[in-house]
Structure formats: structure tokens, C-alpha cells
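So you can see what is in the structure, the chains are spelled out below.
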Amino acid sequence: MNTLVYDGSFEGLLTAVFEIYERKLYPVKLLKGEWRSCALFEEVIPIVTDEARAGRVLKGLRKKLSAAGVQRLYISHMAEIAGEDCNVLGFIRHVFDSDQNIEEDYGNRYVMRLSEILKMVRREKHRMEAFVRFQKLNDGTFYAAIEPDFNVLPLLIKHFKSRYTDQKWMIYDIKRNYGLYYDLHDTQFIEMNFDELSKPVNVIAAYSEDEGVYQDLWKNYFNSINIASRKNTRLHVRHIPRRYWRHLTEKI
Amino acid sequence: MNVGRITEKLNILADAAKYDVSCASSGSNRKNKDKGLGNASNGICHSYTEDGRCVSLLKILLTNHCIFDCAYCVSRKNNDIKRAAFTVQEVVDLTINFYRRNYIEGLFLSSGIFKNADYTMERLVHVAKKLRTEHNFNGYIHLKSIPGVSAELMQEAGLYADRLSVNLEMPTEAGLKLLAPDKNRQDMIDPMHFLSREIIRNTEEKKLFKNAPMFAPAGQSTQVIVGATPESDQQVLQSANYFYRNFNLKRVYYSGYVPVLADRRLPALNTAVPLVRENRLYQADWLMRFYGFHVNEIVNNQNPLLDLDIDPKLSWAIRNMQAFPVDINKADLQLILRVPGIGLLSAQKIVAARKFAGLGWEQLKKIGVAINRARYFITCKSNEFERRDLTGQNIKQFIMAQSQSKYIKNTQTQLNLF
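Residues numbered from 1 in each chain as written. Chains lettered and ligands numbered in written order. Predicted model: local features only at pLDDT ≥ 70, side-chain atom pairs only at ≥ 80, totals over all residues.

**Observations concerning the overall build of chain B**
Okay, step 1: When helices and strands are tallied, chain B shows 15 helices and ten strands.
Okay, step 2: In terms of C-alpha radius of gyration, chain B reaches 24 Å, essentially the compact-globule figure of 22 Å for 418 residues.
Okay, step 3: Taken along its principal axes, the extent of the C-alpha atoms in chain B is 70 × 60 × 40 Å.
Okay, step 4: Within the span of chain B, comprising 418 residues, buried residues form 45% of the whole.
Okay, step 5: In chain B, the proportion of contacts linking residues at least 24 apart, taken out of those at least 6 apart, comes to 69%. (Helix = DSSP H or I, 4+ residues; strand = E, 2+ residues; numbered from the N terminus. Rg over C-alpha atoms; globule rule 2.2 N^0.38 Å. Buried ≥ 20, exposed ≤ 12 C-beta atoms within 10 Å, placed from the backbone. Contact = placed C-beta atoms within 7 Å.)

**Quick notes on the confidence of the model for chain B**
Reading fine detail from the predicted coordinates is not recommended where pLDDT is low.
Residues and elements named next belong to chain B.
Okay, step 1: For chain B, the mean per-residue pLDDT works out to 91, and 96% of the residues sit at or above 70.
Okay, step 2: Taken element by element, the predicted model of chain B shows its lowest mean pLDDT in helix H15 (residues 392-402) (88) and its highest in helix H2 (residues 88-100) (97).
Okay, step 3: Counting interchain partners and residues more than four positions distant, the pLDDT-below-50 stretch residues 410-414 has one contact.
Okay, step 4: What the predictor reports for the complex is a pTM of 0.91 with an ipTM of 0.92. (pLDDT = per-residue confidence, 0-100.)

**Considerations on the interface of chain A and chain B**
Okay, step 1: Opposite the 39 residues of chain A that make contact, chain B presents 43 residues.
Okay, step 2: Taken together, the elements giving at least two residues each to the side of chain A that touches chain B come down to helix H5 (109-131), helix H6 (153-163), helix H9 (211-224) and helix H10 (233-239) of chain A.
Okay, step 3: Ranked by residue count, the leading element in the side of chain A that touches chain B is H9 of chain A, at eight residues.
Okay, step 4: Class assignment for the residues of the side of chain A that touches chain B results in 18 nonpolar, twelve polar and nine charged. (Nonpolar A, V, L, I, M, F, W, Y, C, P; charged D, E, K, R; others polar.)

**Topic: the sheet that holds strand E8 (residues 251-256) of chain B**
All names here are of chain B.
Okay, step 1: Taken in spatial order, the six strands line up as E3-E4-E5-E6-E7-E8 in an open sheet, and their pairing is parallel. Looking at which strands have only one partner, the edges of the open sheet turn out to be strand E3 (57-61) and E8. Direction aside, the axes of adjacent strands within the sheet are offset by 20° on average.
Okay, step 2: Sheet topology note: the strand E6 (residues 163-165)/strand E7 (residues 220-226) ladder contains two bridges and is parallel. By the bridge assignment for E7, Leu164 is matched with Gln220.
Okay, step 3: On the sheet, helix H1 (residues 3-17) packs against E3 and strand E4 (106-110) and is oriented at approximately 95° with respect to E3. (Pairing = 2+ DSSP bridges. Axes fitted to C-alpha atoms, helices over the stretch in contact; angles between N-to-C directions.)

**Re the nonpolar core**
As a rule of thumb, nonpolar side chains are buried together in soluble globular proteins.
Okay, step 1: Core analysis: the biggest nonpolar cluster contains 164 residues, and Leu13, Leu109, Ala128, Ala157, Ile328 and Ile336 of chain B have the highest contact counts within it.
Okay, step 2: Looking at this core element by element, the count peaks at eight residues for H5 of chain A.
Okay, step 3: In this structure, Ile328 of chain B is in contact with Ile336, Ile350, Leu359, Leu364, Ile378, Thr379 and Cys380 of chain B, ignoring residues within four places of it in sequence. (Core = buried A, V, L, I, M, F, W, Y, C linked by C-beta atoms within 7 Å.)

**So, the domain arrangement of chain B**
Okay, step 1: The assigned domain composition of chain B is domain 1 (3-267) and domain 2 (312-408).
Okay, step 2: Computed from C-alpha coordinates alone, the two centres of domain 1 of chain B and domain 2 of chain B are separated by 39 Å. (Domains from an automatic or database assignment.)

**So, the domain arrangement of chain A**
Residues and elements named next belong to chain A.
Okay, step 1: Considered domain by domain, chain A is made up of domain 1 (2-123), domain 2 (132-208) and domain 3 (210-252).
Okay, step 2: Placing a centre on the C-alpha atoms of domain 2 and another on those of domain 3 gives a separation of 22 Å.
Okay, step 3: Of all the secondary-structure elements, those providing two or more residues to the side of domain 2 that touches domain 3 are strand E4 (135-136) and strand E5 (142-146).
Okay, step 4: Tallied by class, the residues present in the side of domain 2 that touches domain 3 amount to three nonpolar, two polar and three charged.

**Let's talk about the sheet that holds strand E2 (residues 28-32) of chain A**
Residues and elements named next belong to chain A.
Okay, step 1: Spatially, three strands are ordered E2-E1-E3 in an open sheet, and the strand pairing comes out parallel. Each end of this open sheet is capped by a strand with a single partner; those strands are E2 and strand E3 (44-46). For this sheet, the mean angle separating the axes of adjacent strands, direction not counted, is 30°.
Okay, step 2: For strand E1 (residues 2-6) and E2, the ladder comprises five bridges, and the chain directions are parallel. Within E2, the residue paired with Tyr6 across the bridge is Lys32.

**Regarding unusual backbone geometry**
Okay, step 1: In this model, Tyr26 of chain A is joined to Pro27 of chain A through a cis peptide bond whose omega is 5°.
Okay, step 2: Topologically, Pro27 of chain A is positioned in the loop between helix H1 (10-22) and E2.
Okay, step 3: Note the cis peptide between Phe324 of chain B and Pro325 of chain B, where omega equals 0°.
Okay, step 4: Considering the arrangement of structural elements, one finds Pro325 of chain B in the loop between helix H10 (312-319) and strand E9 (326-327).
Okay, step 5: A positive phi angle is found at Asp34 of chain B, which is not glycine, with a value near 50°.
Okay, step 6: Secondary-structure assignment places Asp34 of chain B in the loop between H1 and strand E1 (47-48).
Okay, step 7: We note that Asn136 of chain B has phi near 45°; this positive angle belongs to a residue other than glycine.

Structural data, given as C-alpha cells:
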């Protein structure tokens, strides 16, 4: 068993694939991170990301998969789900080891796993499109904090950019500490230092005048449309798991 | 803005609108134009109430004043409740401000009938028009059409709304006569006819002229209340089927009657909401629309009621054991769709995956098939399959014995006498 350690980027992953075929390293275990941290226990091969090699592998993938298939592979990796690197790698190997396009070979465990990962990521993306709750700030910017299970912020650009074109907005992933900001023209990723901003006085002063009014109206509305005689808590929690509640205006 | 008054109105008029179960915000394709606000495409449920229903639209009545006296409706003329009415501008402001905060996909506006049908509808259309033309709002708008409304107003409504709906209320004309003596079924059917013709005409026009104006791009839907009158499931589903076929409906919603009023024509106030029946009706509806079942296969003169213990597909399967077992690795998609425990997506995955290699039990399980139900009806790449010659009744008992129904608390077990 060879253990490979790479930097976590998609190019790094593809470089690793190149090395595996070039040096006939199999079976392998693929890990993310600093190679020194695991060197104590076993012999590891550090992978140095190499754009040229990654490019060759990507070209090969494009030949064997549809454009949508490559996209799905990219998304599955970008979501940064812990412990899935070996499955993503298994999928890529299956792609190269087969003569035909294997995107729909759901009987294969790697293809099936990738489709499961993709389902999880898409569900999380969809949840974020639903559960983002903007709060209007003094300067007219609409701000929302999120804590998604997976790294889905980049997948949200298209939806929010095509919907809220006439207001400035920001969606901030406080778990991964980066956000998406739209300035009426374009979106960009940003990182913020919250220490100064998050003092209670500053937070309250930051909201626009009518923000509280609309939050209250929304909470009122949410309570009014419930039909008590149909109460079904299990179903309710299945649709909105508790971990999302702290960012939902109507559930705070 | 008088916050206290708006809050009170919102509470009254949201409360009165909540018995309309339609919540879809999908099926439209309205783009954000000229850097305006919003768009409407696939539909998103932004929240869920404690009863587990989705909240995707700001669903309110313009007013709950009403000249009609329908027995099943909280807003009926003779019911002693608080009345309120929004102004057009109030609805517009609420919609825009909720939408900007990503609370909703858009507006679902209905109304009690004041003065007459046209007068009421005019106000509803006015709200939609204002949102679209003055605020460049491109989010989803669902307008309820008032029974008996004129064709001109329907035409105008279709230009601004994504979806229009006329509620049939009762599955049959007799039920309607009994509970809503002021309403006339023909008044509901006429606007539906008009809409279905206009929608078809508009689709044709769109093919020729790309810039033809949109007309109700998300189509029309309707709602029937079940459990208020004694109609059988067969009558309910056959009437749904009739409307799907003849009026190009996108959806028929089934609303389990919630007893809100004491009336000798209605079930008593402490009657439970028929949640299981409602669920089975939706399952049957899906079978008709996505699984290729004909309504008569699901309910017919021998089986006028849906089985409450098991889902309608399983129910059909155990009545038609001659159709099984189905070979997962060979059968047509249409046949696989008929196997209990296999859904639409699983069936499509199976058909795609078997081109690469035959599928066994483990793989079927991974793909998402509910093996505990499907195992009695299929064979796959494995020597293990159900060899016993089981009757439909046996299978039903086996499946029920090992499954935990989510409705178990609602069923009453019979006392054991011995």
C-alpha cells in the first residue's frame, strides 16, 4: 500500500492520478494535507501539484467523459467531504480503465458513490438557496451568514446573481471563513475580519431601520400559516434539520 | 407604516389563506429582465411550517370579506370572525420586502369575494400588474381566479401571473351543491376552459414569435377538498384524471378537510384530518402522471377506495400478481416503474446501469430500491429470489409485518378478546 499526500486542490488530485499511472503505484491511499504530519506512521509519497501533468489528466478525462461528467467530478471533489478522496480517485481510475464512458455504470461502487456524493452536495446547495436569510444593513447591503455542511458557496453564485441583480448582497460562510459579495455588477470572494464588527453595539447599529419590522412580520406570517390540527414535528424537522435553525429568522 | 395594523392584517389574512394547499413555485421560466428584482424557474421551498408543509410563497387573501356562504370555508359570510382587507400597496410592499430577504419565491394571492367576481378579480390583477410594471418584479406570482370572472380579466391576469388556478372545491357537482349553494360548477369550468385554450394558443404563438408575451407560463392548477363530502377515492381520482386530460392542468391538489366549522352537512368538529387518505391520493396522482398508470388500474368499481394500509402501487401489484416477477436486467422501463419499491429515479438508474453489467441485490439496494417491498416482485443477477408461491394477501402481510408505518399512531388496533 502506497500512501500519497496532496495539497487538496483539484489540480493536485489530477497530478496524483498522473503519478499513480506513471509509477504504477497501486494499491494507493490518498490523503489531503501536509505530508510531514503523517510521515511518522508510514511511508508517504508527497505529491507536488504540477499544472502540466494535471492538464494532461484533465484532457484524458474530457475525452472519456461528457462535459457534464467532468463537471460532476469537479463538484464532488470541491465539496471537500472528509474521507471521500479515495472514492473520487477510484472513480477516475475506473474512467481510465474502461473503454467506454462509464458515467452511468451505477453497478460500479465508485460510480454509485460519486452519484451519492453529488446528491448530497446538490441537496446542500439547494438548501442554501432556500435557507439564506438576508438582513438589510444600513448601507443597503443585504447580508446573510451560512454554515453549510459542505463547501457549496461557489455553487451559489449563479442562482443569487441572476435573482438579486438590483441590490448589493453578501453571503458569508462562517464555517470556512470566506464569503461571496455582489456589488451590483459582479461577484467576488472575500474574507473578513469579524472581531471589530461583531461587537454587539456595532451589530445592532449596522441594521437598517425597517429590518426589525420585516423580521417580525415574517415570524408572524410563519406562525399564522401553521395548521395546528395537522402538527407533524417529525416531518418538520426532516425538512429543516435543527442545525440550520440558528440562521433562520423564523426559527430563532 | 402602521406596523401594528399591518401585523394584525397579515395574521388574519394569512390564517384565512392557509387552507389552500397549493404551494408550487416551479414550472415557470421568467427571467430577470433589465436588472430588476427576481426570477422564477425551478421552485424553492424556503421554509416549512410545524405541520410539515412547505412555505414557498407569501400566501394571503386580499380580503376575507365574502358574500358567499360555503359551508367548508372559514371566511364564509355567516361565520363570526375578524375581517380585514389589504390595500394594493400593502401587498406589494410585503411581497417585495420578503422577497429581497430571500424569505419567499413570490406571491400567492387569493381573495374572499366582495361585490362581485369581476370587481374582486380586478383588484388581484392590479396587484400583479403593479409588481410587474412599476417594480420590475420577476418573481413568481400565482393568482387565484374568482369563479364567474369575465374572459377579459382572465386574459389580463395571464399576462402578469405565472400560474392561475380555479378551485373546484368539491370533487363532484353534487358535493358542491350541498356545501356551496352560491357557487356553480360551470362558473369554475368556464375560466379553466378559457385558460387551457389561451395557454395552448400562447405556446403556439411562442413557437412562431420569440417575443410573444408570456401567458401564465406555469400553467393552471386546481384544488379539491376531500373528506368533507362522502365521495369515494374513485370519484375523486376520476375527476382529477378528467381535468388533467381535458384542461392541461399542471397539478390537482387534494386538501384533507380540516374541521373548522360546526354544520350539520359537515363532519363533526372533532373529526381527525384525513391525512393518510390525502397522502394515498397524492401517491395515486403521481402514479397517473409519472408512472404510466391509468386511473382505472388504481381505483375501479371493485376497488373504489384506496387501501390505507399500503401504498396504491403495492396495492395494484398484489391484485395483479400475474404481471410478476419482472427481470430487472431485461424488462422495459415501463414495467420496472410498476414494481413496488422502485421509484422514478431508481428505475432510470437501473436501465442505464444494466448496460454495463447485470445488477444484483446489493447494487439494487445501493441504487435506492426498497428491497423489502421489491423482493417479492423481481428477479435479478442472483440465485436468490422469492420461490414460494405467495398470494397477494401473503405478501401484504409480510410487508406490513416488517415495516413501521409512519401513520401507526393513527391506526387503532383491535382488542384481543381471547
